[in-house]
Amino acid sequence: MADVYESMLSSNVGRSILSSLNLPVPTELERHSQAQTSFVTGNVLIGAAPGGRMAESIASTLKNSAASVQVANNASALPEIKAAAEKAELKLTEIDVSAESAKFKALVFDATGIENSEQTKELYDFFHPVIRKLHSSARVVIVGLPPESCKANPRQQIAQRALEGLVRSIGKEIGKKGATANLVYVAKQAEKAAESALRFFLSPKSAFVDAQVLRVSKAKAVENDFNWNLPLTDKVVLVTGASRGIGEAIAGVMARDGAKVVCLDVPQAKDNLQKVADRLNGGIIAIDITDPEAPAKIANTLKTEYGGVDVVVHNAGVTRDKTLGGMPPHMWEMVININLSAEERINDALLESETINPGGRIVCVSSMSGIAGNFGQSNYAVSKAGVIGMVDAFAPILAKKDITINAVAPGFIETQMTAAIPFATREAGRRLNSLKQGGLPVDVAEAIAFYSSPASAGVNGNTIRVCGQNLLGA
Ligand code: NAD
């Protein structure tokens, strides 16, 4: 059946009918275009609770954008914000936020100074007058301290943890406009290393990443001459499952960012794989990742033909759905083997043979099913929850080797896989999120590219959902 809902959304009449029936009418999301050189443009309002540590880092990040940076003339931390802007040589305009004309592309608030629950009123004071004054596809970014780093002061730990409630609620309130809200917990001495996260969450690259919490730990920031538009120059990136769907999009974004991409898929998909690689001027490895010889062969090819690998993206994955009681054993074994065990074996081989170069990145693709579970997907959910476990287990181990590991957990993404879902179920999966629409493969790819950047050295051990704040599994 043709997608009736989608075709109604494409006409003004259709949209007003859906709206009058109280059915979700999504805003078209703004996404990154090649012509865009600034990560954010338009009016960006910044604010801070007194005593925060991020104002300078926020100011120096925004200095590198084409945004017009503003501050409320009655902001409680006005002197600190002004001092930070002056130090970063950022032009800052004081404005009256109650003015009719005030309208914003982004709101950024440094909440690292909040030490107790009473001070959460700072959040209200900043957001209340402006939250209804957002452009479509606007961004809200709140920066806090990792609560677990505040153990010496339980009241501060509680107040910092409370920030999650705000982004998750704001996300739901502004989603109709295609706008998102995210929280970045920045550890002490990680202030400069947080630039890549601030840029990502403020940019159209995070179009479908909503109501997420990311942690940035202490790490060396990139040099001043770092090329933010070609961050993966001279890097070798392996993408598994790259012949189609999300993997193909990941390979494309990696090549756009300057990488040499090695595309891997099963031998049966070789023709398509070669087409993708040719388009991107990359290489191929046609192998089944569950082949017992695959880990050694992959490591050997990467080492001898490419001089090692800088980024490994474990994207290959399958579903074999059946309720647990009716599931034959081979369906369980196959899904766990491809989606989890093969990744573990490949990681082991690459690490043992020291094929991953210093500053390396491992990025895994989990799923909403791995967080919320799903009817008929016990095998898949186990494999994808296991992927999150792999990130948790390996992050501290790899940190010692100067390698990071992170995951994305996609929600409903428009691919061949989701197009095959029956209409009613598909519509529910697609609309039941704050942005009222499915994501695109490129949305997953952009989050993976953010993790992969040399500028994301402090981003380790995270799983962020690329799901438009799906109502399940929050
Ligand atoms: P897809 O089926 O279009 O692509 C998966 C690719 O992996 C295929 O090219 C396939 O040939 C390859 N592959 C499968 N088994 C392999 C093996 N043994 N060895 C090597 N390659 C193998 O699926 P997709 O929608 O693009 O999904 C990509 C990833 O994203 C998967 O891990 C999937 O679980 C995950 N994901 C997708 C969605 C979604 O909505 N599409 C949601 C959540 C998670």
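For clarity, every value in this text was computed on a predicted model and none was experimentally measured.

Rules and cut-offs
- Residues numbered from 1 in each chain as written.
- Predicted model: local features only at pLDDT ≥ 70, side-chain atom pairs only at ≥ 80, totals over all residues.
- Heavy atoms only, no water.
- Helix = DSSP H or I, 4+ residues; strand = E, 2+ residues; numbered from the N terminus.
- Buried < 20%, exposed > 50% of the residue type's maximum accessible area, 1.4 Å probe, protein only.
- Contact = heavy atoms within 4.5 Å.
- Near = heavy atom within 4 Å.
- Polar contact = N/O pair within 3.5 Å; in protein donor to acceptor, adjacent residues only side chain to side chain.
- Areas by Shrake-Rupley, 256 points an atom, 1.4 Å probe, with all protein chains shown as cover.
- Nonpolar A, V, L, I, M, F, W, Y, C, P; charged D, E, K, R; others polar.
- Patch = residues over 30% accessible without salt bridge, like charges linked within 9 Å, V, L, I, M, F, W, Y side chains within 5 Å.
- Salt bridge = Lys/Arg side-chain N within 4 Å of Asp/Glu carboxyl O.
- Pairing = 2+ DSSP bridges.
- Axes fitted to C-alpha atoms, helices over the stretch in contact; angles between N-to-C directions.
- Phe/Tyr/Trp six-rings, centres within 6.5 Å; stacked < 30°, edge-to-face > 60°.
- Lys NZ or Arg CZ within 6 Å of the ring centre and 35° of its normal.
- Domains from an automatic or database assignment.
- Core = buried A, V, L, I, M, F, W, Y, C linked by side-chain atoms within 4.5 Å.
- Right-handed = clockwise from strand over helix to strand, strands pointing away.

Draft legend 1. Spatial organisation of the side chain of Thr-404. Position of Thr-404 among the secondary structure elements: in strand β13 (residues 404-410). Overall, Thr-404 belongs to the buried group, its relative accessible area being 4%. Excluding its chain neighbours within four sequence positions, the residues that come into contact with Thr-404 are Gly-360, Arg-361, Ile-362, Ser-456, Ala-457, Val-459 and Asn-460.

Draft legend 2. How the structure looks around the site of the ligand. Around the ligand, a shell composed of 27 residues is seen, among which Arg-244, Ile-246, Asp-265, Asn-315 and Tyr-380 lie nearest. At 3.2 Å from an oxygen atom of the ligand is found a side-chain nitrogen or oxygen belonging to Ser-243. Protein contact buries 93% of the 830 Å² of open area that the ligand shows by itself. At the level of elements, α8 (245-256), β9 (260-265), α13 (378-399) and α14 (416-419) are the ones that each hand at least two residues to the shell around the ligand. Its residues assigned to classes, the shell around the ligand shows 13 nonpolar, ten polar and four charged.

Draft legend 3. Fine view of a nonpolar patch on the surface. On the surface, a cluster of nonpolar side chains totalling about 270 Å² of accessible area is made up of Leu-324, Trp-332 and Val-382. Turning to its location among the elements, Val-382 is positioned in helix α13. According to the relative accessible area criterion, Val-382 is partly exposed, its value standing at 38%.

Draft legend 4. Geometry of the sheet that holds strand β8 (residues 236-240). The strand order β10-β9-β8-β11-β12-β13-β14 describes an open sheet built from seven strands, whose pairing is parallel. Each edge of the open sheet carries a strand with a single partner, namely β10 (283-286) and β14 (463-466). Sheet twist, expressed as the average angle between the axes of neighbouring strands with direction ignored, equals 20 degrees. Strand direction decides the pairing type here: β8 and β9, joined by five bridges, are parallel.

Draft legend 5. The packing of aromatic side chains, seen in detail. Inspection of the entire model under this criterion finds eight aromatic pairs. Seen from their ring centres, Phe-109 and Phe-126 are 4.9 Å apart, and the 40 degrees between their planes marks the pair as tilted. Note that Phe-109 is positioned in strand β4 (residues 104-110) and Phe-126 in helix α5 (residues 121-127), a separation of 17 residues in sequence. Here Phe-109 falls in the buried class, since its relative accessible area comes to 1%. Pairing Phe-450 with Tyr-451 gives two aromatic rings, centres 5.7 Å apart and planes at 25 degrees, and the pair type is stacked. Tyr-451 carries the same exposure label as Phe-450, and that label is buried. Aromatic rings pair up to connect Phe-200, Phe-201, Phe-450 and Tyr-451 into one cluster. The aromatic ring of Trp-228 is capped on one face by Arg-199, whose charged end is 3.9 Å from the ring centroid.

Draft legend 6. Expanded view of the domain arrangement of the protein chain. Annotation of the protein chain at the domain level lists domain 1 (31-216) and domain 2 (236-466). Its C-alpha centre places domain 1 at a distance of 30 Å from the equivalent point of domain 2. Opposite the 24 residues of domain 1 that make contact, domain 2 presents 24 residues. Linking domain 1 with domain 2 are one salt bridge, by the criterion used here. Where Asp-443 meets Arg-31, a salt bridge forms, and the shortest distance between an N and an O atom there is 2.8 Å. At the surface where domain 1 touches domain 2, the tally comes to five residue pairs in polar contact (both at pLDDT 80 or more). Among the secondary structure elements, those contributing two or more residues to the side of domain 1 that touches domain 2 are α6 (154-174), α7 (195-202) and β7 (213-216). In terms of residue count, β7 provides more of the side of domain 1 that touches domain 2 than any other element does, four residues in total.

Draft legend 7. Structural detail: the nonpolar core. Ranked by internal contacts, the top residues of the largest apolar core, which has 73 residues, are Leu-62, Leu-214, Val-216, Met-254 and Ile-448. It is helix α16 (residues 441-452) that contributes the most residues to this core, seven residues altogether. Residue contributions to this core reach at least three from each of two domains, namely domain 1 (31-216) and domain 2 (236-466). Discounting residues that sit within four places of it in the chain, Leu-62 has contacts with Phe-39, Val-40, Val-44, Ile-46, Val-69, Leu-90 and Leu-202. Membership of the second largest hydrophobic core comes to 32 residues, among which are Val-309, Ile-338, Ile-356 and Ala-395.

Draft legend 8. Fine view of the pairing of strand β5 (residues 134-144). Most of β5 sits out of view: nine of its eleven residues are buried. Relative to β5, β4 runs parallel, the two being bridged by six bridges. Within β5, the position partnered with Ala-106 by the bridge is Arg-139. Regarding topology, α5 serves as the crossover connection from β4 to the parallel β5, and that connection is right-handed. In the classification by handedness, the crossover that spans β5, the intervening α6 and the parallel strand β6 (residues 180-186) is right-handed.

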